[in-house]
Amino acid sequence: RLSPAAFSRFFRRAVGKTFQSYLTDLRLSEACRQLLETGRTITEIAFDVGFGNLSNFNRSFRISRGMAPGEFRRQALAPTQAPGRNRC
């Protein structure tokens, strides 16, 4: 059985990032998919992927993707979008 600290060290060595950072990346990737493939609101998506509040989701999304979730959706779904842009 691993202690939380031992698990954290093991995970970081194996994956190259902390467990929390890895989990956030997974959540944001799923949020990107839902933003592109569904018509659900940003709030619904944020809570669905596991963020506890909208503010934290928006901040994390902006840091990771360089833009707000709504802007990501608008650019990705724009008819004149250049190929390969806004990938998750």
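Before reading on, note that the structure itself is shown above.
Figured I'd write up the structure that's included with this text. (Residues numbered from 1 in each chain as written. Predicted model: local features only at pLDDT ≥ 70, side-chain atom pairs only at ≥ 80, totals over all residues. Heavy atoms only, no water.)

### Topic: the overall build of the protein
Across its full length, the protein carries 5 helices and 0 strands. Across the 88 residues that make up the protein, the buried fraction comes to 27%. Put simply, of all contacts in the protein between residues at least 6 apart along the chain, 40% involve residues at least 24 apart. Only carbon and sulfur atoms are counted for the fraction: they give 53% of the accessible area of the protein, which is about 5,900 Å². (Helix = DSSP H or I, 4+ residues; strand = E, 2+ residues; numbered from the N terminus. Buried < 20%, exposed > 50% of the residue type's maximum accessible area, 1.4 Å probe, protein only. Contact = heavy atoms within 4.5 Å. Areas by Shrake-Rupley, 256 points an atom, 1.4 Å probe, with all protein chains shown as cover.)

### Thoughts on the pattern of salt bridges
Evaluation of the coordinates by the stated rule reveals 4 salt bridges. The salt bridge partner of Arg 33 is Glu 37, with a shortest N-O separation of 2.8 Å. With Arg 33 and Glu 37 both in helix α2 (residues 19–37), this residue pair falls 4 residues apart, about one helical turn. By relative accessible area, Glu 37 is classed as exposed at 58%. Each member of the salt-bridge network shares a partner with another, and the members are Glu 30, Arg 33 and Glu 37. (Salt bridge = Lys/Arg side-chain N within 4 Å of Asp/Glu carboxyl O.)

### Things to note about the nonpolar core
Within the largest apolar cluster, 12 residues are counted, these being Leu 28, Ala 31, Cys 32, Leu 35, Ile 45, Ala 46, Val 49, Phe 51, Phe 57, Phe 61, Met 67 and Phe 72. Elements with a contribution of two residues or more to this core: α2, α3 (42–48) and α4 (54–65). Broken down by element, this core gets its largest block of residues, 4 residues, from α2. When near neighbours in sequence (up to four residues on either side) are disregarded, Leu 28 contacts Phe 51, Phe 57, Ser 60, Phe 61, Ser 64 and Arg 65. (Core = buried A, V, L, I, M, F, W, Y, C linked by side-chain atoms within 4.5 Å.)

### So, the environment of Thr 18
On the secondary structure map, Thr 18 appears in the loop between α1 (4–15) and α2. Separated by 10 residues in the primary sequence, Thr 18 and Ser 8 have C-alpha atoms spaced 6.8 Å apart. With residues up to four places along the chain from it excluded, the contact list for Thr 18 reads Phe 11 and Arg 12.

Just geometry here; none of it tells us what the structure is for.
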